[in-house]
Amino acid sequence: QVHVVESGGGLAQAGESLRLSCVASGRIFRVVAMGWYRQAQGKERELVAVFNSGGDTNYADSVKGRFAISRGGASNTVLLQMNNLKPDDTAAYYCSARLAIRNGEPVDAYWGQGTQVTVSS
């Protein structure tokens, strides 16, 4: 069984910073990619930032230059540093880990429960 757990959401004013953390644990053979998605009320879930096992990163245009995704110190951990937050960043943020649980098994996506980020103007 795989668990994906996010932490670090909360309230911020416009211009402030928050950092999100995510750890994937359990039966994991190989992590292919980890990243962050968000879903604002009434909208579809969208990509925020991801990186793959080769170190390539991809960001949504709306967060480029303000957000930075990185590996955490522990294994299978990903961080999202969010600077210069805007009210439009208000959403539930979800961590996703694409991984295989056994050698030869297909890669599946596992999701956390989400953490709320609310930015006031």
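See the structure shown above.
Structural notes, computed from the coordinates. What you see is a predicted model; the values in this text were computed from it and never measured.

About the thresholds
Residues numbered from 1 in each chain as written. Predicted model: local features only at pLDDT ≥ 70, side-chain atom pairs only at ≥ 80, totals over all residues. Heavy atoms only, no water. Helix = DSSP H or I, 4+ residues; strand = E, 2+ residues; numbered from the N terminus. Buried < 20%, exposed > 50% of the residue type's maximum accessible area, 1.4 Å probe, protein only. Phe/Tyr/Trp six-rings, centres within 6.5 Å; stacked < 30°, edge-to-face > 60°. Lys NZ or Arg CZ within 6 Å of the ring centre and 35° of its normal. Salt bridge = Lys/Arg side-chain N within 4 Å of Asp/Glu carboxyl O.

Focus on unusual backbone geometry
Thought 1: Despite not being glycine, Asn84 shows a phi value in the positive range, around 50°.
Thought 2: Mapped onto the secondary structure, Asn84 falls in the loop between β8 (77-82) and β9 (91-100).
Thought 3: A residue is classified by how much of its surface remains accessible, and Asn84, at 41% relative accessible area, is partly exposed.

Some points on the packing of aromatic side chains
Thought 1: The final tally for this structure, using the stated rule, is one aromatic pair.
Thought 2: An angle of 65° between the planes, with centres 5.0 Å apart, marks the rings of Tyr37 and Trp111 as edge-to-face. Of this pair, Tyr37 sits in strand β4 (residues 30-39) while Trp111 sits in strand β10 (residues 108-111), and the two are 74 residues apart along the sequence.
Thought 3: Classification of Tyr37 as partly exposed rests on a relative accessible area of 23%.
Thought 4: Between Arg45 and the ring centre of Tyr94, over which it is positioned, the NZ or CZ distance is 3.8 Å.
Thought 5: Above the ring of Trp111, the side-chain terminus of Arg45 is found at 4.8 Å from the ring centroid.

Some details on the pattern of salt bridges
Thought 1: Taken as a whole, this structure holds five salt bridges when the rule is applied.
Thought 2: As a salt-bridge pair, Glu46 and Arg38 come within 2.8 Å of each other at their nearest N and O atoms.
Thought 3: Among the salt bridges present, the one from Arg102 reaches Glu105, with a minimum N-O distance of 3.9 Å.
Thought 4: Each of Arg38, Glu46, Arg66 and Asp89 takes part in one network of salt bridges that share partners.

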